[in-house]
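# Geometric and topological summary
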Amino acid sequence: MSELKQAVDWAAFPDARGHFGPYGGRFVAETLMGALDELQAVYEKYMKDPEFLAELDTDLKQFVGRPSPLYHAERMSRELGGAQVYLKREDLNHTGAHKVNNTIGQALLAKRLGKTRIIAETGAGQHGVASATVAARLGLECVVYMGAEDIQRQSQNVYRMRLLGADVVSVKSGSRTLKDALNEAMRDWVTNVDDTFYIIGTVAGPHPYPAMVRDFQSVIGREARAQHLEMTGKLPDALVACVGGGSNAIGLFHPFLADESVAMIGVEAGGEGIASGRHSAPLCAGRPGVLHGNRTYLMEDDDGQIIATHSISAGLDYPGVGPEHSWLKDLGRATYVSVTDDDALRAFHRMTRTEGIIPALETSHAIAHVLDLAPRMRPDQSLIINLSGRGDKDLNTVARLEGIEL
Amino acid sequence: MSRIAKRFAETRASGRAALIPYVTAGDPAPDVTVPLLHDLVAAGADLLELGVPFSDPMADGPVIQLACERSLAHGTRLRDVLAMVREFRQTDSETPVVLMGYLNPVERMGAEVFASAAAEAGVDGVLMVDLPPEESDDLTGLLERAGIDPIFLVAPTTADARLSHVAAAARGFIYYVSLKGVTGAQSLDPAALGARLGAIRAITELPLGVGFGIRDAATAGAVARVADAVVVGSAIVRLAEQYPDAPERFRAAAAELAREMRTAMDAARADAAPAAV
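Residues numbered from 1 in each chain as written. Chains lettered and ligands numbered in written order. Predicted model: local features only at pLDDT ≥ 70, side-chain atom pairs only at ≥ 80, totals over all residues. Heavy atoms only, no water.

### Some details on the interface of chain B and chain A
This is how it is decided: Residues count as neighbours in contact if any of their non-hydrogen atoms are within 4.5 Å of one another. What counts as buried area is the accessible surface, traced by a 1.4 Å probe, that two parts surrender upon association, with contributions from both included. Any carboxyl oxygen of Asp or Glu that lies within 4 Å of a side-chain nitrogen of Lys or Arg is treated as forming a salt bridge with it. Pairs of N or O atoms are called polar contacts if they sit within 3.5 Å, as long as, within protein, a hydrogen donor faces a hydrogen acceptor (for residues adjacent in sequence, only side-chain-to-side-chain pairs). Strands are runs of DSSP state E lasting at least two residues, helices are runs of H or I lasting at least four, and both sets are numbered from the N terminus onward. When residue character is reported, Ala, Val, Leu, Ile, Met, Phe, Trp, Tyr, Cys and Pro are called nonpolar, Asp, Glu, Lys and Arg charged, and the others, Gly included, polar.
At the junction of the two partners, chain B supplies 36 residues and chain A supplies 38 residues. In this assembly, chain B packs against chain A so that about 3,200 Å² is buried in total across both faces, 47% of it on carbon and sulfur atoms. The residue Glu-107 of chain B makes a salt bridge to Arg-295 of chain A at a minimum N-O spacing of 2.2 Å. At the boundary of chain B with chain A, the tally comes to 23 residue pairs in polar contact (both at pLDDT 80 or more). Contributing elements (two or more residues each) for the side of chain B that touches chain A: helix 3 (62-73), helix 5 (103-109), strand 6 (152-154) and helix 8 (160-169) of chain B. Among the elements that make up the side of chain B that touches chain A, the one with the highest residue count is helix 5 of chain B (five residues). Across the side of chain B that touches chain A, the residue classes tally to 18 nonpolar, seven polar and 11 charged.

Shown next as structure tokens:
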């Protein structure tokens, strides 16, 4: 289906310094270089260590509840009258989203490094909750940085993190959203690098984070590939996932990269529309630059200052994106589209009423694209949506938009 | 000989440590910066570090983040910062100016365009905080060809193996980050600092500037005993915060702080002189 602009040995990326073609790398202040070298060494060692992998596997089974089901959304497929729609049910994971796949893995690394303190940044709060959860389970101190605006939008997740024993720090600098939380977490890490492990929640940041988070999230695509083969006897024709930083999308896409017949579509947050300028769609409307430790597509002004983003969903409200997505875009291996707040909201309701599944607003962007894509495909074709998270955390936001105070 | 090398040759010959004040360009307002730079030179600064404001200064503390926000609110852009250096150079052709900032604005301008525009404006050194030597081959080459020294950071966490790598890429001087943390953080241990600088001197002959955590004249004096240069940033920028609507008072206070530091540094070196010789 996809026409690659060049042949690629997917297993060879990133290179030893974390580059995906021109993207990725390690753009941080000198103080962190040692910690990143240490992290890379420990990550490379343990990803080949049978004992570590067995422990990870046990945790994913017994604590997270993996494998998550692949669900054939028959009623929605019928209504759309085109491709068969399958949902990879990451919303059924413990803590309600795909984020925990990664925090479990990184926390096990933190334990092996002897770190006693975990820090994390969070947007929608899902990664914060997943980090606070694994910290509680392992008895580690946990500090979560969250933009002051996101704390307002996601008060339930803030309370969940506090129940779990995490210290949620309100970040009031800059745009008071995810990017500023990331800046603040980096500052904490620079200061407390000896005893602190920074669990980055997405496939961005300095090497080895984009590769490491991808590897922990790839369990999504490995399972989905096997499940789809078992259920239908063939590979899906397309994969669709929302992209903020892009961890759930990479998790689904990565194990399919060599399957040339499988199209991959990442859905960015179009906010009030690309033309309005109020969106969070760097792959659709940005250009390459350097932020948060890696080279990737960014939303910036013509002086290279990072500009404010907007999305109805806090988890997609980010001006950058994982470097591997930037590379997949340039190679033509994946395509990236955007969906507006309004269309995402409509898809949220449609999924809820049609399949009895309340999706996260982030995930609703991917669903909205499928409402458009599936009818243009044949009924003997199929696609998988990564149902990356459940919508409970968004009930306040949705209700407020409809004039209801919960 | 570059202006930076020449200036360090002079300070070394006279037995002084160089004083390098940092200010964020355009903070609290664009028209304050050039007069402020001249004030700082008159107060005893040997080199100047001029911060290029960035929206996401990840390695800086709240003081410099706020300075960036104040400057950006006035619309200060990289090309405006270069214009400030050009204006400063009209009446000061001696004092080296180092630009300090983050990579993205430079990439957006284009590294080649930036290198030649910076050289033309009279910039002597460039320190990109988020650009370690591993990623900097392109920019370093362009800067050197334009006659600008690429300055690099060394941190307490820099392993010995990396140290020689960083030193090999660096020109002008090495900026030693005196403590783990962001700019404007607390506390600095001069004894441990001296030991660490000794280890770095075994690897490079470049002058060693020390920054981060130098809050007052007493600390500046202590650092001057062991370092070739003392960089003071947040302590000055904090004064801009203190006098947001009174730029003359900010300039006077900044110059006063620089003078106190100059005095303390020279006194510290005078005390230390017999032992050193």
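### Focus on the domain arrangement of chain A
Residues and elements named next belong to chain A. Quick note on the threshold: Note that the domain bounds reflect an automated or database-derived domain assignment.
Domain annotation for chain A reports domain 1 (20-60 + 99-213) and domain 2 (67-96 + 219-401). When each unit is reduced to the centre of its C-alpha atoms, the spacing between domain 1 and domain 2 is 22 Å. Interface of domain 1 and domain 2: buried area, both sides summed, is about 3,100 Å²; carbon and sulfur atoms make up 58% of it. Linking domain 1 with domain 2 are zero salt bridges, by the criterion used here. At five residues, the largest contribution of residues to the side of domain 1 that touches domain 2 is made by strand 2 (residues 23-27). Residue composition of the side of domain 1 that touches domain 2, by class: 17 nonpolar, 16 polar and six charged.

### Details of unusual backbone geometry
To be explicit about the condition: With a 1.4 Å probe rolled over the protein chains alone, any residue whose accessible area is under 20% of its type maximum counts as buried; one over 50% counts as exposed, and the rest are partly exposed.
A cis amide bond, omega 0°, links Phe-13 of chain A with the succeeding residue Pro-14 of chain A. Omega for the peptide link from His-207 of chain A to Pro-208 of chain A comes to 15°, which places this bond in the cis form. Along the chain, the position of Pro-208 of chain A falls in the loop between strand 8 (196-199) and helix 9 (209-217). For His-292 of chain A, which is not glycine, the phi dihedral falls at a positive 55°. For Phe-212 of chain B, which is not glycine, the phi torsion reads 80° and is therefore positive. Mapped onto the fold, Phe-212 of chain B is located in the loop between strand 8 (208-211) and helix 10 (217-226). Assessed through its relative accessible area of 9%, Phe-212 of chain B is described here as buried.

### Brief notes about a nonpolar patch on the surface
All names here are of chain A. The condition is simple: Excluding any residue in a salt bridge, patches collect residues exceeding 30% relative accessible area, merging like charges within 9 Å and nonpolar Val, Leu, Ile, Met, Phe, Trp and Tyr side chains within 5 Å. All accessible areas in this document rest on Shrake-Rupley with a 1.4 Å probe, and a residue is counted as covered only by the protein chains that are shown.
A cluster of nonpolar side chains, contributed by Ile-358, Leu-395, Ile-404 and Leu-406, occupies part of the molecular surface with about 360 Å² of accessible area. Structurally, the position occupied by Ile-358 is in the loop between helix 14 (341-355) and helix 15 (361-373). Using a relative accessible area of 37% as the deciding quantity, one classes Ile-358 as partly exposed.

### Observations concerning the nonpolar core
This is how it is decided: Only buried residues count toward a nonpolar core. Its members are Ala, Val, Leu, Ile, Met, Phe, Trp, Tyr and Cys residues joined through side-chain atoms within 4.5 Å.
Judged by nonpolar contacts, the single largest core of 110 residues is most densely connected at Leu-99, Phe-114 and Tyr-175 of chain B. Counting residues per element, this core draws most heavily on helix 12 (residues 247-276) of chain B, at nine residues. The contacts of Phe-114 of chain B, once residues within four sequence positions are left out, are Leu-78, Leu-82, Leu-99, Val-106, Met-109, Val-126, Leu-139 and Leu-143 of chain B. Membership of the second largest hydrophobic core comes to 88 residues, among which are Leu-36, Ala-107, Ala-224 and Val-321 of chain A.

### Some thoughts on the sheet that holds strand 7 (residues 174-177) of chain B
All names here are of chain B. Quick reminder of the rule: Pairing between two strands is assigned when DSSP locates at least 2 bridges connecting them.
If you trace the nine strands from one edge of the open sheet to the other, you get 5-4-3-2-1-9-8-7-6, paired in parallel fashion. Strand pairing shows two members of the sheet lacking a second neighbour, strand 5 (149-150) and strand 6, which therefore form its edges. Examined bridge by bridge, strand 8 and strand 9 (residues 229-232) share two bridges and lie parallel to one another. Bridging from a neighbouring strand, Val-210 pairs with Val-230 of strand 9.

### Overview of the sheet that holds strand 3 (residues 70-72) of chain A
Residues and elements named next belong to chain A. Here is the rule we go by: To define axes, lines are fitted to C-alpha atoms, for helices over the stretch in contact only, and angles between the resulting N-to-C directions are given on a 0 to 180 degree scale.
If you trace the six strands from one edge of the open sheet to the other, you get 3-4-14-9-10-13, paired in mixed fashion. Two strands lie at the open edges of the sheet, namely strand 3 and strand 13 (335-340), each paired on one side alone. For this sheet, the mean inter-axis angle between neighbouring strands, taken without regard to orientation, is 30°. Pairing of strand 10 (residues 263-271) with strand 13 involves six bridges; the strand directions are parallel. Its bridge partner lying in strand 13, Ile-265 is registered against Thr-335.

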